[in-house]
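Structure at a glance
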Amino acid sequence: AMRDGAGYYDAMDDALVAKQGVGASSIPTVRPPAAFVVLRFVPDDRLEAAGALVLLASGVLTVLLAREGPRWAPVAAGALAGLWIVHFAPHLYLHSEVWAAPFVLGAMLAVRARRIPVAALLLVAAALIREFSVIALLPGAVVTWSGRRSRPWWVGAVAGTSAYYVGHVVAASRIVSP
């Protein structure tokens, strides 16, 4: 529907009605539009390939995160990520959580590399894809409560929380009574 010019929220309602017989009936059924606005330009026959790239990125980032552990950790992380991808990819490649995961994992790598502004930016991007990701900004803000290093976390937390709030206001306007 979005490819035919419909806006995200109208297209989402149409998809929910087609799948469940009713449009959005609660705020949690409405996802932020960022990932879907980008996906509108991906041809239908390429959606699974795009999802596979995102899942592959998550797997690679998981292995990179595990490199700091014991020698067997990257192998175990790669095997577990691979099993998860093989099992769930056919069902979940369009779920927002899958598209937000590489940003969260990238933020974790950025924190480890002490690239705090990059980490905060990646978590804001994740929150624009899956709003609950904004929660990941709060520990960084609290841990670095004062000092220069806390500014990116607080800016990110405010930006992400603002996007979360606006998304919920828009979503609330789209809710239908069950």
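So, a few notes on the structure that sits alongside this text. (Residues numbered from 1 in each chain as written. Predicted model: local features only at pLDDT ≥ 70, side-chain atom pairs only at ≥ 80, totals over all residues. Heavy atoms only, no water.)

**As for the overall build of the protein chain**
Helix and strand counts for the protein chain come out as 8 helices and 0 strands. Reading the protein chain from its N terminus to its C terminus gives the helix and strand order α-α-α-α-α-α-α-α. When burial is assessed residue by residue, the protein chain has 34% of its 178 residues classed as buried. Sequence-distant contacts, at least 24 apart, represent 63% of the contacts inside the protein chain between residues at least 6 apart. Accessible surface computed for the protein chain: about 10700 Å², of which carbon and sulfur atoms make up 69%. (Helix = DSSP H or I, 4+ residues; strand = E, 2+ residues; numbered from the N terminus. Buried < 20%, exposed > 50% of the residue type's maximum accessible area, 1.4 Å probe, protein only. Contact = heavy atoms within 4.5 Å. Areas by Shrake-Rupley, 256 points an atom, 1.4 Å probe, with all protein chains shown as cover.)

**Examining the environment of Ala 171**
Along the chain, Ala 171 falls in helix α8 (residues 151-174). Not counting residues up to four positions away in its chain, the partners in contact with Ala 171 are Ile 27 and Val 30.

**Section: the pattern of salt bridges**
By the definition in use, this model includes 2 salt bridges. With a shortest N-O distance of 2.7 Å, Glu 97 and Arg 130 are connected by a salt bridge. Here Glu 97, found in helix α5 (residues 96-112), pairs with Arg 130, found in the loop between α6 (116-129) and α7 (137-143); they are 33 residues apart in sequence, far enough to count as distant. Look at Arg 130 and you get buried, because its relative accessible area is 9%. The partner of Glu 131 in a salt bridge is Arg 130, and the shortest N-O contact between them spans 2.8 Å. Grouping residues by exposure puts Glu 131 and Arg 130 together as buried. Beyond isolated ion pairs, a larger network of salt bridges with shared partners links Glu 97, Arg 130 and Glu 131. (Salt bridge = Lys/Arg side-chain N within 4 Å of Asp/Glu carboxyl O.)

**Let's talk about unusual backbone geometry**
A positive phi angle, close to 60°, is found at Arg 114, a residue other than glycine. Here Arg 114 lies in the loop between α5 and α6. Of the residues examined, Arg 114 reaches a relative accessible area of 62% and is grouped as exposed.

**Comments concerning the side chain of Arg 130**
A polar contact of 2.8 Å, which involves the side chain of Arg 130, links it to the side chain of Glu 131. Non-local contacts of Arg 130, meaning those with residues more than four positions away in its chain, are made with Arg 31, Pro 32, Ser 96, Glu 97 and Ala 100. (Polar contact = N/O pair within 3.5 Å; in protein donor to acceptor, adjacent residues only side chain to side chain.)

**Description of the nonpolar core**
Most often, soluble globular proteins have nonpolar side chains that are buried together. Among the nonpolar cores identified, the biggest contains 13 residues, and Ala 107, Ala 119, Ala 120, Leu 123, Val 134, Leu 137 and Trp 153 are the most heavily contacted of them. Among the secondary structure elements, those contributing two or more residues to this core are α5, α6, α7 and α8. By residue number, the principal contributor to this core is α6, which donates 6 residues. With residues up to four places along the chain from it excluded, the contact list for Ala 107 reads Ala 119, Leu 122 and Leu 123. Within the second largest apolar cluster, 12 residues are counted, among which are Ala 50, Val 54, Trp 99 and Ala 126. (Core = buried A, V, L, I, M, F, W, Y, C linked by side-chain atoms within 4.5 Å.)

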